[in-house]
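# An overview of the molecular structure
Residues per chain, in single letters:
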Amino acid sequence: MEKEPQKLDPKAELLVELKKLRDDYSDEIPERVVSSVSGPQYKVRNAWFGLVSGNLEMAVLRGLVSEDLAKKQEEFADQFCNPGFGERLTTKEDIEAANALLDEAIAELEPE
């Protein structure tokens, strides 16, 4: 009989996802517009910003992060998860802002 893979607790699962978003996607801004089927995974895609926001919102809803981070997540969603954001090209500053928020969330979620 095969052993079932050990499941992580919700906090640990979320931490893994946030680290993937920070570390497994490229910060590079390619010269051409990219889509989800364009090869490497890039942070410049609007969908990446949606994933960051959605995962952070999950942390907020589960009460896993501070009130300060919850407020920052709401501000992030307002800025990066709206139709206006999708109408312009992503900048280096946009990616840096998202990375900084991911770093802060990861620091709060990591075990001491």
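Here is a short report on the structure shown in this document. (Residues numbered from 1 in each chain as written. Predicted model: local features only at pLDDT ≥ 70, side-chain atom pairs only at ≥ 80, totals over all residues. Heavy atoms only, no water.)

The description of two helices packed together rests on the angle between their axes and the distance between the axes. Where helix H2 (residues 46–61) meets helix H3 (residues 67–80), the closest approach of the two axes is 10 Å, and the angle between their N-to-C directions is 150 degrees. One way to sum up the angle between H2 and H3 is to call them roughly antiparallel. The handedness of the crossing between H2 and H3 comes out as left-handed. Facing Phe49, Val52, Ser53, Leu56, Glu57 and Val60 of H2, the residues of H3 in contact are Ala70, Gln73, Phe76, Ala77 and Phe80. (Axes fitted to C-alpha atoms, helices over the stretch in contact; angles between N-to-C directions. Helix = DSSP H or I, 4+ residues; strand = E, 2+ residues; numbered from the N terminus. Parallel < 35°, antiparallel > 145°, perpendicular 65-115°, else oblique. Left-handed = near helix turned anticlockwise from the far one by under 90°. Contact = heavy atoms within 4.5 Å.)

We now examine the nonpolar core. Soluble globular proteins tend to pack their nonpolar side chains together in the buried interior. Counting residues in each nonpolar core, the largest one holds 25 residues, and the members touching the most others are Leu18, Trp48, Phe49, Val52 and Phe76. Mapped onto this core, the elements with two or more residues apiece are helix H1 (10–23), H2, H3 and helix H5 (92–109). For this core, the element with the highest residue contribution is H5, accounting for 7 residues. Not counting the four nearest positions on each side in its chain, leucine 18 is found in contact with Asn55, Leu56, Leu102, Ala105, Ile106 and Leu109. (Core = buried A, V, L, I, M, F, W, Y, C linked by side-chain atoms within 4.5 Å. Buried < 20%, exposed > 50% of the residue type's maximum accessible area, 1.4 Å probe, protein only.)

Compared with the 20 Å implied by 1.5 Å per residue over 14 residues, the 20 Å span of H1 between its first and last C-alpha is a close match. Within H1, burial applies to Leu14, Leu15, Leu18 and Leu21. Down the axis of H1, the smallest arc covering the buried residues is 125 degrees, so these residues share one side. Against the buried residues of H1 lie H2 and H5. For H1, the N-terminal cap is aspartate 9; the gap from its side-chain oxygen to the backbone nitrogen of lysine 11 is 2.9 Å. (Expected span 1.5 Å × (residues − 1). Arc of directions from axis to C-beta. Polar contact = N/O pair within 3.5 Å; in protein donor to acceptor, adjacent residues only side chain to side chain.)

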